[in-house]
Amino acid sequence: RLRTFDAIVVAGQAKSHCAAWTVAALPAAPPELATRLYLLEDCSSPVVVPGAVDYTDDADAAFARFAEAGAHVVRSTEPLASWPGPLAAAAPAQA
């Protein structure tokens, strides 16, 4: 079913676990799916328990791997028209 969407936007808690695992499960999907994948950097955060665990580096490494595979790491504060890939072409022009 994912093949039918122009774009797939991923955000959530936790960037280091649930969001990363969701994206990591997509390699079974067709390769062209990666170019339609948008990871909202500022709408996700890693698991951090001060003094116990900090998965920031793991989360950043996962997002970097996904970007190397063709996914787009974007911010929610950026207009859709500025996002790379298929969303830029589909976004309405800003007035």
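For the structure given in this document, a descriptive report is provided here. (Residues numbered from 1 in each chain as written. Predicted model: local features only at pLDDT ≥ 70, side-chain atom pairs only at ≥ 80, totals over all residues. Heavy atoms only, no water.)

**A look at the side chain of H72**
Formally: Secondary structure elements follow DSSP: runs of H or I no shorter than four residues count as helices, runs of E no shorter than two count as strands, and numbering proceeds from the N terminus. Residue contacts are defined here by distance: any two heavy atoms, one from each residue, within 4.5 Å place the two residues in contact.
Its place among the elements puts H72 in strand β5 (residues 72-74). Ignoring anything within four residues of it in the chain, the contact list for H72 reads T35, L37, Y38, L39, P84 and G85.

**Some details on the packing of aromatic side chains**
Counted only if it meets this: Between rings of Phe, Tyr and Trp, where Trp is taken as its six-membered ring, a pair exists when centres lie within 6.5 Å; planes separated by under 30 degrees are stacked, by over 60 edge-to-face, and by other angles tilted. Each residue is placed in one exposure class: buried if its accessible area under a 1.4 Å probe, protein chains only, is under 20% of its type's maximum, exposed if it is over 50%, and partly exposed if it falls in between. Should the NZ of a Lys or the CZ of an Arg lie within 6 Å of a ring centre and within 35 degrees of the ring normal, that charge is described as sitting over the ring.
Here the structure, examined in full by the defined rule, presents 2 aromatic pairs. Judged by centre distance (5.3 Å) and plane angle (25 degrees), the rings of Y38 and W83 are stacked. Here Y38 is found in strand β2 (residues 37-45), whereas its partner W83 is found in the loop between β5 and α3 (86-90), with 45 residues between them in sequence. Comparing Y38 with W83, the two get one shared label, buried. For K15, the ring lying beneath its charged end belongs to F63, and the centroid distance is 4.7 Å. Over the face of the ring belonging to F66 we find R65, whose NZ or CZ atom lies 6.0 Å from the ring centre.

**Digging into helix α2 (residues 56-68)**
Cut-off, in case you're wondering: Expected helix span is computed as 1.5 Å times (number of residues minus one).
Between its terminal C-alpha atoms α2 stretches 18 Å, which fits the 18 Å expected from 13 residues at 1.5 Å a residue. Downstream of α2 by one or two residues, G70 has phi in the positive range, about 115 degrees.

**Quick notes on the side chain of R36**
Inspection of the secondary structure assignment puts R36 in the loop between α1 (15-24) and β2. Judged by relative accessible area, R36 falls into the buried class, the value being 13%.

**Let's talk about the pattern of salt bridges**
The test is simple: We define a salt bridge as a side-chain nitrogen of Lys or Arg found within 4 Å of a carboxyl oxygen belonging to Asp or Glu.
For the structure on display, the rule yields 2 salt bridges. Between K15 and E41 there is a salt bridge, with the nearest N and O atoms lying 2.5 Å from each other. Of this pair, K15 sits in helix α1 while E41 sits in strand β2, placing them 26 residues apart in sequence. Judged by its relative accessible area of 3%, K15 is buried. Two residues, D60 and K15, come together in a salt bridge whose shortest N-O distance is 2.9 Å. Here the residue D60 occupies a position in helix α2, and K15 occupies one in helix α1, the gap between them amounting to 45 residues. We classify D60 as partly exposed; its relative accessible area is 37%. Three or more residues joined by partner-sharing salt bridges are found here, namely K15, E41 and D60.

Function cannot be read off these values alone, since they describe shape.
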